[in-house]
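Listed here are the chains, written in short residue letters.
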Amino acid sequence: MLLITFYAFIFIVFLQLLYYLVIFGKFAFAKITTGTPKRLAVSVIVCAKNEAENVSRFVPLLAAQNFPDFEIILIDDASSDNTLELFEEFEKQYSNIRLVKVVNNEAFWANKKFALTLGIKAAKNEYLLFTDADCRPSSENWISEMSSHFTLKKTIVLGYGAYEKIAGSFINKIIRFETMLTAVQYFSWAKAGKPYMGVGRNLAYKREEFFKTNGFIDHMKIRSGDDDLFINQAATSHNTTISFDSTGFTYSEPNTTYKDWFNQKRRHVSTAAHYKAFDKFQLSVFYISQIMFFLLAILLLAFLYEWIIVLSLIGFRYLFTWLVLGFSSGKLKEKDVMYWFPVIEIVVIFTQMNVFLTNIFSKPVHWK
């Protein structure tokens with residue numbers, strides 16, 4: 001039995017090597033490419049529901065972008081606070097801001113996809129750039145950086161939606177590490193020609209891509225997934241590219257408690273269940289290999305079975321993962337999370353396992 005476990009452990013380490021060096025290495029060791037500035041007209045789309053405090057701070061930052069031709073579509077999704085009133089004031093203050101008011105109805109009650117669809121239809125420009133109401137651009141050149149990657153063929157641009165750093169907060173490091181790892185995965189698979197998701201905090205695509213897939217119609221009843229499910233359906237090796245220059249990042253405030261972050265991950269995982277078969281398979285294999293690495297290593301060390309070889313394999317596995325994630329963290333400006341990598345990784349892996357098991361027995365709560 002221990003012999004079988006030992007060979008299984010060797011296979012898992014080899015599988016991890018393939019993921020990290022062959023797949024994730026495509027992003028980790030890639031050179032940062034600067035797109036060519038384009039004379040495009042861009043519509044920035046922001047959907048908000050009860051986000052008065054955030055929009056009061058972040059909409060002026062969007063309006064101050066250094067880009068010659070852009071409009072901002074502010075979508076109020078039937079807010080019950082004073083979000084709508086703030087949007088109306090912004091519309092008066094800035095000539096390039098237009099407001100879309102969404103009224104709840106029985107068919108699309110509290111459905112963000114319905115609200116976004118109205119905003120997309122209201123946009124006057126073909127190139128659309130999406131962010132959330134609680135996000136700020138990393139620089140005044142955010143629109144310029146993201147839109148510079150559009151070409152005649154590349155009509156979808158995946159960006160990085162980071163979280164703000166909170167000094168002295170370990171849960172903040174966990175959240176940012178998990179966010180970085182997710183980005184490494186979807187950036188790497190996009191570079192490998194198999195794009196499978198993006199994040200609505202920082203995502204751009206040409207409006208024709210939206211109508212090619214009939215918008216969100218195929219997954220309208222699934223409350224989440226206006227970003228990743230859409231990309232999973234619309235993105236191909238031919239039409240998708242990535243932007244990871246730091247001037248094109250967005251930042252949002254992270255959860256501050258483990259419970260809130262756990263509930264957020266429950267929503268994300270429930271959406272991934274609707275991905276294409278290959279994408280579900282590769283994600284499942286990766287996360288199972290993560291868990292099995294620790295479980296098999298603990299078992300073999302507990303019985304002191306070939307412990308020198310096992311320790312060598314553990315060291316080898318940490319060497320290549322640290323190398324790949326270290327280079328990736330440098331690109332995504334998240335280097336500090338790698339100081340705690342071994343501990344954080346264990347927390348993230350077993351949290352993901354807990355999320356999966358919890359979702360089996362209860363459904364997560366989605367859009368506000």
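### Description of the sheet that holds strand S4 (residues 127-132)
In space, the 7 strands of this open sheet follow the order S3-S2-S1-S4-S8-S6-S9, with mixed pairing throughout. The open sheet has two edge strands, strand S3 (97-102) and strand S9 (240-242), and neither has a second partner. Strand-to-strand twist in this sheet, taken as the mean axis angle between neighbours without regard to direction, amounts to 20°. Note that strand S1 (residues 42-48) and S4 share 6 bridges and pair parallel. Across the sheet, residue Val42 finds its bridge partner in S4, namely Tyr127.

### Describing the packing of helix H10 (residues 277-302) against helix H12 (residues 341-361)
With their axes 10 Å apart at the nearest point, H10 and H12 run at an angle of 120° to one another. When the axis of H10 is compared with that of H12, the two are oblique. As for the relative orientation of H10 and H12, their crossing is left-handed in sense. Contact residues: Tyr287, Gln290, Ile291, Phe294 and Leu295 in H10; Glu345, Ile346, Ile349, Phe350, Gln352 and Met353 in H12. The residue makeup of the contact of H10 with H12, split by class, is 8 nonpolar, 2 polar and 1 charged.

### Thoughts on the environment of Ile314
Here Ile314 lies in helix H11 (residues 307-331). The spatial distance from the C-alpha of Ile314 to the C-alpha of Val13 is 8.1 Å, given a sequence separation of 301 residues. Every residue in contact with Ile314, bar those within four places of it in the chain, is listed here: Phe9, Phe293, Ala297 and Leu301.

### Structural notes on the pattern of salt bridges
The tally for this structure, following the rule as stated, stands at 15 salt bridges. Among the ionic pairs, Lys112 bridges to Asp226, the shortest N-O distance being 3.9 Å. Of the two residues, Lys112 is situated in helix H4 (residues 112-122) and Asp226 in the loop between helix H7 (207-212) and helix H8 (228-234); the sequence distance between them amounts to 114 residues. Given a relative accessible area of 10%, Lys112 falls into the buried group.

### Points about the pairing of S1
For S1, a buried count of 7 out of 7 residues is recorded, marking the element as mostly surrounded by other parts of the structure. Of the pairings in the sheet, the one linking S1 to strand S2 (residues 70-77) comprises 7 bridges and is parallel in character. Across the sheet, the residue bridging to Val44 is Ile72, located in S2. Each parallel crossover has a hand, and for S1 linked through helix H2 (residues 52-63) to S2 it is right-handed.

### Concerning H11
With 25 residues, H11 extends 36 Å from end C-alpha to end C-alpha; this agrees with the ideal 36 Å at 1.5 Å per step. Among all positions of H11, only Val310, Leu313, Ile314, Arg317, Tyr318, Phe320, Thr321, Val324, Leu325, Ser328, Ser329 and Lys331 are buried. Residues of H11 that are buried make contact with helix H1 (2-28), helix H6 (170-191), H10 and H12.

Conventions and cut-offs
Residues numbered from 1 in each chain as written. Predicted model: local features only at pLDDT ≥ 70, side-chain atom pairs only at ≥ 80, totals over all residues. Heavy atoms only, no water. Pairing = 2+ DSSP bridges. Helix = DSSP H or I, 4+ residues; strand = E, 2+ residues; numbered from the N terminus. Axes fitted to C-alpha atoms, helices over the stretch in contact; angles between N-to-C directions. Parallel < 35°, antiparallel > 145°, perpendicular 65-115°, else oblique. Left-handed = near helix turned anticlockwise from the far one by under 90°. Contact = heavy atoms within 4.5 Å. Nonpolar A, V, L, I, M, F, W, Y, C, P; charged D, E, K, R; others polar. Salt bridge = Lys/Arg side-chain N within 4 Å of Asp/Glu carboxyl O. Buried < 20%, exposed > 50% of the residue type's maximum accessible area, 1.4 Å probe, protein only. Right-handed = clockwise from strand over helix to strand, strands pointing away. Expected span 1.5 Å × (residues − 1).

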